[in-house]
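Geometric and topological summary
Single-letter residue listing:
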Amino acid sequence: VAHTGRTVGRLGEGDWDGKVSEIKKKIKSILPGTSCDLLPDTSHLPPEHSDVVIVGGGVLGLSVAYWLKKLESRRGGIRVLVVERDYTYSQASTGLSVGGICQQFSLPENIQLSLFSASFLRNINEYLAVTNAPPLDLQFNPSGYLLLASEKDAAAMESNVKVQKQEGAKVCLMSPDQLRNKFPWISTEGVALASYGMENEGWFDPWCLLQGLRQKVESMGVFFCQGEVTRFVSSSQRMLTTDDEMVILKRIHEVHVKMDHSLEYQPVECSIVINAAGAWSAQIAALAGIGKGPPGTLQGTKLPVEPRKRYVYVWHCPQGPGLETPLVADTSGAYFRREGLGSNYLGGRSPIEEEEPDPENLEVDHDFFQEKVWPHLALRVPAFETLKVQTAWAGYYDYNTFDQNGVVGPHPLVVNMYFATGFSGHGLQQAPGVGRAVAEMILEGSFQTIDLSPFLFNRFYLGEKTQENNTM
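For clarity, every value in this text was computed on a predicted model and none was experimentally measured.

**Quick notes on the overall build of the protein chain**
When its secondary structure is counted, the protein chain shows 11 helices and 18 strands. Split into buried and exposed, the 472 residues of the protein chain put 51% on the buried side.

**Quick look at helix α9 (residues 366–380)**
One turn of the α-helix equals 3.6 residues, which is why residues spaced by three or four share an orientation. Helix length check: α9, at 15 residues, gives a terminal C-alpha distance of 21 Å against a target of 21 Å (1.5 Å per residue), a fit within 8%. Approximately 45 degrees is the largest bend angle found in α9, and it occurs at Val 373, with the proline Pro 375 only one to four residues beyond. Turning to α9, its buried residues number three or more, namely Phe 368, Phe 369, Val 373, Leu 377, Ala 378 and Arg 380.

**Some details on the nonpolar core**
With 53 residues, the main nonpolar core has Ile 54, Phe 120, Leu 128, Leu 209, Ile 274 and Val 438 as its most contacted residues. Leave out the neighbours within four places in its chain, and Phe 120 touches Tyr 66, Trp 67, Tyr 127, Leu 128, Leu 209 and Pro 432. Listed in part, the 28 residues of the second largest apolar core include Phe 232, Cys 270, Val 273 and Phe 419.

**Re the pairing of strand β5 (residues 146–149)**
Taking every second residue as pointing to the same face, both faces of β5 are buried, with Leu 146 and Leu 148 on one and Leu 147 and Ala 149 on the other. By the bridge criterion, 4 bridges tie β5 to strand β7 (residues 193–197) in an arrangement that is antiparallel. By the bridge assignment, Leu 147 is partnered in β7 with Ser 195.

**Regarding the sheet that holds β7**
Taken in spatial order, the 3 strands make up an open sheet running β5-β7-β6, and their pairing is antiparallel. Of all strands in the sheet, those with a lone pairing partner are β5 and β6 (171–174), marking the two edges. Averaged over all pairs of adjacent strands, the angle between their axes in this sheet comes to 20 degrees, without regard to strand direction.

**Description of the environment of Ala 192**
Position of Ala 192 among the secondary structure elements: in the loop between α6 (176–182) and β7. Sequence spacing of Ala 192 and Ala 149 is 43 residues, and the spatial spacing of their C-alpha atoms is 5.9 Å. Each residue touching Ala 192, except ones within four places of it in the same chain, is listed here: Ala 149, Ser 150, Glu 151, Ala 154 and Pro 176.

**Details of the packing of helix α2 (residues 59–71) against helix α10 (residues 427–444)**
In the contact formed by α2 and α10, the axes pass within 7 Å of each other and the chain directions differ by 40 degrees. As judged from the angle between their axes, α2 and α10 are oblique. Our pair here, α2 against α10, has a crossing hand that is right-handed. Two secondary-structure elements touch here, α2 through Val 59, Leu 60, Ser 63, Val 64, Trp 67, Leu 68 and Leu 71 and α10 through Gly 427, Leu 428, Ala 431, Pro 432, Val 434, Gly 435, Arg 436, Val 438, Ala 439, Glu 440, Ile 442 and Leu 443. Here the residues of the contact of α2 with α10 sort into 14 nonpolar, 3 polar and 2 charged.

**Examining the sheet that holds strand β8 (residues 202–203)**
Sheet architecture is open: 3 strands sit in the order β3-β8-β4, paired in antiparallel fashion. Either end of the sheet is taken by a strand with one partner, and the two such strands are β3 (100–101) and β4 (141–142). Across 2 bridges, the pairing between β3 and β8 is antiparallel. Looking at the pairing, Gly 100 lines up with Trp 203 of β8.

**Quick word on unusual backbone geometry**
For Gln 404, which is not glycine, the phi torsion reads 60 degrees and is therefore positive. In this fold, Gln 404 is placed in the loop between β16 (388–400) and β17 (407–410). Residue classification places Gln 404 among the buried residues on the basis of a relative accessible area of 16%. Here Ser 424, not a glycine, exhibits a phi torsion of approximately 60 degrees, which is positive. For Ser 424, the position within the fold is in the loop between β18 (417–421) and α10.

**Remarks on the side chain of Asn 275**
Mapped onto the elements, Asn 275 comes out in strand β11 (residues 265–275). A relative accessible area of 0% means that Asn 275 is categorised as buried. Excluding residues within four positions of it along the chain, Asn 275 makes contact with Val 55, Ser 281, Ile 284, Ala 285, Leu 303, Met 417, Tyr 418, Phe 419, Ala 420 and Thr 421.

**Focus on the confidence of the model for the protein chain**
Scored by pLDDT, the protein chain has a mean of 83; 78% of the residues are at 70 or more. Across residues 1–11, confidence stays below pLDDT 50; counting only partners more than four residues off in sequence or on other chains, it has 5 contacts. Low confidence marks residues 332–354, where pLDDT is under 50. Its contacts with residues over four positions away, or in another chain, come to 85 contacts.

**Focus on the pattern of salt bridges**
Scanning all chains against the criterion turns up 7 salt bridges. For the salt bridge of Glu 72 with Lys 69, the shortest nitrogen-to-oxygen distance reads 3.4 Å. The salt bridge partner of Asp 403 is Arg 459, with a shortest N-O separation of 2.8 Å. Of this pair, Asp 403 sits in the loop between β16 and β17 while Arg 459 sits in helix α11 (residues 458–462), and the two are 56 residues apart along the sequence. Each of the two residues, Asp 403 as well as Arg 459, counts as buried.

**Considerations on the packing of α2 against helix α7 (residues 206–219)**
The N-to-C vectors of α2 and α7 enclose an angle of 30 degrees; their axes lie 9 Å apart at closest approach. Crossing hand, α2 versus α7: left-handed. Along the contact surface, α2 presents Val 59, Leu 62, Ser 63, Ala 65 and Tyr 66, while α7 presents Leu 209, Leu 210, Leu 213, Arg 214, Lys 216 and Val 217. Along the lines of polarity and charge, the residues of the contact of α2 with α7 split into 8 nonpolar, 1 polar and 2 charged.

**Things to note about the pairing of β18**
Judged by how many residues are buried, β18 sits mostly within the fold: 5 of 5 residues are covered. The two faces of β18 match: Met 417, Phe 419 and Thr 421 on one face and Tyr 418 and Ala 420 on the other face are all buried. Here β11 runs beside β18; their pairing, made up of 3 bridges, is parallel. Residue Val 273 lies in a different strand from β18, and its bridge partner there is Met 417. Relative to β18, β17 runs antiparallel, the two being bridged by 4 bridges. Bridge pairing links Pro 410 to Tyr 418 in β18. Taking the residues that link successive antiparallel strands as the turn, the β17-β18 hairpin has 6 residues.

What counts, and where the lines are drawn
Residues numbered from 1 in each chain as written. Predicted model: local features only at pLDDT ≥ 70, side-chain atom pairs only at ≥ 80, totals over all residues. Heavy atoms only, no water. Helix = DSSP H or I, 4+ residues; strand = E, 2+ residues; numbered from the N terminus. Buried < 20%, exposed > 50% of the residue type's maximum accessible area, 1.4 Å probe, protein only. Expected span 1.5 Å × (residues − 1). Bend = angle between axes of the 7 residues up to and from the residue. Core = buried A, V, L, I, M, F, W, Y, C linked by side-chain atoms within 4.5 Å. Contact = heavy atoms within 4.5 Å. Pairing = 2+ DSSP bridges. Axes fitted to C-alpha atoms, helices over the stretch in contact; angles between N-to-C directions. Parallel < 35°, antiparallel > 145°, perpendicular 65-115°, else oblique. Left-handed = near helix turned anticlockwise from the far one by under 90°. Nonpolar A, V, L, I, M, F, W, Y, C, P; charged D, E, K, R; others polar. pLDDT = per-residue confidence, 0-100. Salt bridge = Lys/Arg side-chain N within 4 Å of Asp/Glu carboxyl O.

Okay, here's the thing in structure tokens:
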């Protein structure tokens, strides 16, 4: 049949039957009760609405998610979304940690957090058991930390141990003679006093804790999304403080999540945002406008957290009685023996800490060990003169440049952003208690079990440091 100068062929009977069959399938696919093949797959996208959006899926973010669901008044009452950009956790601080736990801090709050964590880890399957899943084996090895003090630091160590005992930690003081008797391979030169943790200190498998938390919160109904938070949509309101200072209160209403390997983003309406982004939490805070104001004002006070790089070295010491098993050192100055003695700290603030590795990437500088780490180890343990490094890796941690302590609770101006970050190397060991504290603040309006008020954001504006003397 000729129409516009072109010939249109007729469909054969077989072709026509095929077309009809295809049309019938498409019509059927959009009928109620059937899946629609014409719509794009959106299973990778986060939900459009969530009561709480947690930025960061490491142990701190997962711990907050766990306690929110654990403490919710009605099962399924709180909708929680966790956004994590590194779904493999290949560069996450948690998986690259050595997994130590210690109660020998100077601040009561840090001691209480670590004591609770020790109880949590010892009873991990009472908290994180999942039906039909095998029990978790954290390989928790309770062996004490050993801290050494010189003459000028001895009085501070005695004071710290007194606080630790008051909070319930099992710690003892040792003279140089007692130290030599218990650990004959340690040089006591320059040591006036030592403190040793007799209970609830040691190391555990951080990867197992991470996976256990994730498996548990998924079973509790928490949503996960691989992506990156790129924007917050918020409303603002001006108000005068009691000092007649004009401030702007903000409330986040929507989080934009950029999907991995894509230009698309998903807006998520929410009521609360948890900043648990670790080493990158200052960037997330800046997206919400935190720190973007006149210097010296609350509006202009930034979150003082930045990425720092820590090397972890595993070595073998072929000489020295009892030192033949693999050992681990990191650039905080701590070393960990995997059997027998456990975790030890080589005295006060290590000179190693004064030499920060370049955080630009996670490449390992092997010269750093030879030049900065090994001399201090060999000075304290002469047998380490013959040690041989077997493997090494690097990881980031969220360093609080203000006072090296965590930031917990709500921001005073961005009223629905809560922090769980800035723990400067001890976030992993304190994550169970911190997650519970943040959940309590959200659900009850105040800290209930451990008062973490000294860790609130306001201290940065007020210039009041919450100083921890034993960072490790």
